[in-house]
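# Observations on the three-dimensional arrangement
The lines below spell out each chain.
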Amino acid sequence: MTDYSTRDLERYRTVSDLRVQKICEYRLFLKQRHGNRTLDASREGAHLHSKVRTAAVAGTNRILAVMILILTVILGALWLLG
């Protein structure tokens with residue numbers, strides 16, 4: 001059995017790299033075959049992705065504001081007691 005522990009794994013591609021490469025090649029094939037056109041499903045998917053991205057940023061900002069408020073209250077209490 002081959003010992004892989006001494007090999008430099010940095011020069012190998014990951015599975016994710018190969019998956020992305022295959023998707024890009026398939027997308028190129030589809031563009032050559034059907035042209036560069038957008039379908040209703042593609043537009044709806046892009047719209048949904050933008051809504052999710054906006055909601056994620058808004059949720060992160062809200063959590064950060066609550067954490068800052070809690071930290072301020074705790075530090076204020078420690079300052080008054082100290």
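Here's a quick rundown of the structure. (Residues numbered from 1 in each chain as written. Predicted model: local features only at pLDDT ≥ 70, side-chain atom pairs only at ≥ 80, totals over all residues. Heavy atoms only, no water.)

## Points about the layout of surface pockets
- In this structure, the largest pocket occupies an estimated 330 Å³ of space.
- It is helix α1 (residues 15-34) that provides the largest number of residues to the lining of the largest pocket, a total of six residues.
- Residue classes in the lining of the largest pocket are distributed as four nonpolar, five polar and three charged. (1 Å grid on protein atoms, 1.4 Å probe; cavity = no way out; pocket = protein on both sides within 12 Å on 5 of 7 lines; lining within 4 Å. Points joined across faces, edges and corners; volume = space filled by probe spheres on them. Helix = DSSP H or I, 4+ residues; strand = E, 2+ residues; numbered from the N terminus. Nonpolar A, V, L, I, M, F, W, Y, C, P; charged D, E, K, R; others polar.)

## Notes on the pattern of salt bridges
- Considering all chains together, one arrives at one salt bridge under this definition.
- For aspartate 40, the salt bridge is made with arginine 43, and the minimal N-O distance between the two is 2.4 Å. Of the two residues, aspartate 40 and arginine 43 are both situated in helix α2 (residues 40-81); the distance of three residues between them amounts to about one turn of the helix.
- For aspartate 40, a relative accessible area of 56% corresponds to the exposed category.
- The exposure class of arginine 43 is partly exposed, given its relative accessible area of 43%. (Salt bridge = Lys/Arg side-chain N within 4 Å of Asp/Glu carboxyl O. Buried < 20%, exposed > 50% of the residue type's maximum accessible area, 1.4 Å probe, protein only.)

## Some thoughts on a nonpolar patch on the surface
- Together, Val66, Ile70, Leu71, Ile74, Leu75 and Leu78 make up a nonpolar patch on the protein surface, roughly 570 Å² of accessible area in all.
- Note that isoleucine 70 resides in helix α2.
- The exposure class assigned to isoleucine 70 is partly exposed, which follows from its relative accessible area of 47%. (Patch = residues over 30% accessible without salt bridge, like charges linked within 9 Å, V, L, I, M, F, W, Y side chains within 5 Å. Areas by Shrake-Rupley, 256 points an atom, 1.4 Å probe, with all protein chains shown as cover.)

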